[in-house]
Amino acid sequence: MTIAAVLTGALTTHLTNHAMERRRKQHELLTRWDEKKLNAYEGYIDKIRSCVFLAVQLYEHKEGVHASPKGEHELTTELADAGWQRGRAFERIMLLGGDEVVEAGHRLNAAALEVDWQAGGKVHGTLDEWRTRNRAVFGAINGFHDAARQDLGVQGNVSGESHPERDLLLPPPRGSSNRNQS
């Protein structure tokens, strides 16, 4: 009887320790994947933003809004390289992201490409259309952030009722005056 109790206790202890060790390893694995996902999501957004800012430089240079010390060819080459890097970063999203993150990434890529295309002259548009495209890409960035946060288990979101919609930060139109007129 005593031997049976000792064996039962030893077996119970062994099974409990085995279960706890298995849960610990699963937690470590999930944590490691979450860290890789976070790095992939952050890197992808960084590449998206780099492309947008290069597209803005190219667009402003071509439209005569703001001259760049770099020539149009150099700006176009930099934008193409940044687009290639954005594509590589998206491949990591395709490998690591959940379904909603991948779909948000596809929507973000489509919006970002429209900005690239207008900046590079592949599509034509007015300044208002340019601004609409830029608003769309930054809205898609927020959508991607929301999907990524949900995938990582982060509470809350970056859009919706708790966060007022923000517009692009734009300088006043050329020729406008900020002086008070009496």
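Sequence order as written defines the numbering, with residues in each chain counted from 1. Per-residue local features of the predicted model are confined to residues with pLDDT of at least 70, and side-chain atom pairs are confined, for both listing and counting, to 80 or more; whole-chain, interface and lining totals are unaffected and use all residues. No hydrogens and no water enter the side-chain calculation; it runs on all heavy atoms of the structure.

Enquirer: Looking at this structure, I do not really get the overall build of the protein chain. What am I missing?
Expert: Secondary structure counts use DSSP, requiring at least four H or I residues in a row for a helix and at least two E residues in a row for a strand, with both numbered from the N terminus. A count of helical and extended segments in the protein chain gives four helices and zero strands. Walking the protein chain from its N terminus toward its C terminus, one meets helices and strands in the order α-α-α-α. The cut-offs for exposure are 20% and 50% of the maximum accessible area for each residue type, with area from a 1.4 Å probe on protein chains only; residues under the lower value are buried, those over the upper are exposed, and the others partly exposed. In the protein chain, which comprises 182 residues, the share counted as buried stands at 26%. The long-range fraction of contacts in the protein chain, counting pairs at least 24 apart against all pairs at least 6 apart in sequence, stands at 68%. Using the Shrake-Rupley algorithm and a 1.4 Å probe, accessible areas are obtained, with residue cover drawn only from the displayed protein chains. When the accessible surface of the protein chain is totalled, it reaches about 12,900 Å², and 54% of it is carbon and sulfur. Any pair of residues with heavy atoms lying within 4.5 Å of one another is described as a contacting pair.

Enquirer: Explain the packing of helix 3 (residues 99-120) against helix 4 (residues 127-152) here, please?
Expert: The relative placement of two packed helices comes down to the angle between their axes together with the axis-to-axis distance. Lines fitted to C-alpha atoms define the axes, with helix axes restricted to the stretch in contact, and inter-axis angles between N-to-C directions lie between 0 and 180 degrees. For the pair helix 3 and helix 4, interaxial distance at closest approach is 8 Å and the crossing angle is 160°. Here helix 3 lies roughly antiparallel to helix 4, going by the angle between them. Of the two elements, helix 3 crosses helix 4, and the hand of that crossing is left-handed. In this count, Pro and Cys sit with the nonpolar residues alongside Ala, Val, Leu, Ile, Met, Phe, Trp and Tyr, while Asp, Glu, Lys and Arg are called charged and the others, Gly among them, polar. For the contact of helix 3 with helix 4, the per-class residue count stands at 15 nonpolar, four polar and six charged. Oblique is the label for any angle not under 35 degrees, not over 145, and not in the 65 to 115 range, which are roughly parallel, roughly antiparallel and roughly perpendicular in turn. Left-handed describes a crossing in which the near helix is turned anticlockwise from the far one by less than a right angle; the clockwise case is right-handed.

Enquirer: I would appreciate a short explanation of the nonpolar core in the present structure.
Expert: Proteins that are soluble and globular tend to have nonpolar side chains buried together. Counting 33 residues, the largest nonpolar core has Tyr44, Ile48, Ile93, Leu108, Val137 and Phe144 as its most contacted members. Contributions of two or more residues to this core are made by helix 1 (2-63), helix 2 (72-96), helix 3 and helix 4. Here this core takes 11 residues from helix 1, the largest share from any one element. Non-local contacts of Ile93, meaning those with residues more than four positions away in its chain, are made with Ala40, Tyr41, Tyr44, Val101, Val102 and Phe144. Only buried Ala, Val, Leu, Ile, Met, Phe, Trp, Tyr and Cys residues count toward a nonpolar core, and they belong to the same one when joined by side-chain atoms within 4.5 Å.

Enquirer: Could you clarify how one ought to interpret the side chain of Arg133 in this entry?
Expert: Positionally, Arg133 belongs in helix 4. A polar contact of 3.4 Å, which involves the side chain of Arg133, links it to the side chain of Glu114. If sequence neighbours within four positions are ignored, Arg133 has contacts with Glu114, Val115, Gln118, Val123, His124 and Gly125. Distance and chemistry together define a polar contact, namely a pair of N or O atoms within 3.5 Å, with one atom able to donate a hydrogen and the other to accept it when in protein, and with adjacent residues in sequence counting only for side-chain atoms on both sides.

Enquirer: Quick question: what am I supposed to make of the packing of helix 2 against helix 3 here?
Expert: Between helix 2 and helix 3, the least distance of the axes is 10 Å, while the angle of their chain directions is 170°. Relative to helix 3, the element helix 2 is oriented roughly antiparallel. Along its contact with helix 2, which presents Leu79, Arg86, Phe90, Ile93 and Met94, the element helix 3 presents Val101, Val102, Gly105, His106, Asn109, Ala112, Leu113 and Asp116.

Enquirer: Is there a simple way to explain the confidence of the model for the protein chain in this structure?
Expert: Detailed conclusions should not be drawn from predicted coordinates in areas where pLDDT is low. Per-residue pLDDT for the protein chain averages 85, and the proportion of residues at 70 or more is 80%. Every residue carries a pLDDT, the predictor's confidence in it, which falls somewhere between 0 and 100. In the model, residues 177-182 has pLDDT below 50 throughout and makes zero contacts with residues more than four positions away in sequence or in other chains.

Enquirer: Even after reading the chapter, I still don't get the packing of aromatic side chains, so can you show me in this structure?
Expert: Each aromatic ring pair is summarised here by two numbers: the centre-to-centre distance and the angle between the ring planes. Each Phe, Tyr or Trp ring (for Trp, its six-membered ring) is paired with any other whose centre lies within 6.5 Å, and the angle between the two planes then decides the class: stacked below 30 degrees, edge-to-face above 60, tilted in between. One pass over the full model with this rule turns up four aromatic pairs. Ring plane angle 45° and centroid distance 5.6 Å describe the contact between Tyr44 and Phe90, whose orientation is recorded as tilted. One end of the pair, Tyr44, is in helix 1; the other, Phe90, is in helix 2, with 46 residues separating them in the sequence. Neither residue differs from the other here; Tyr44 and Phe90 are each classed as buried.

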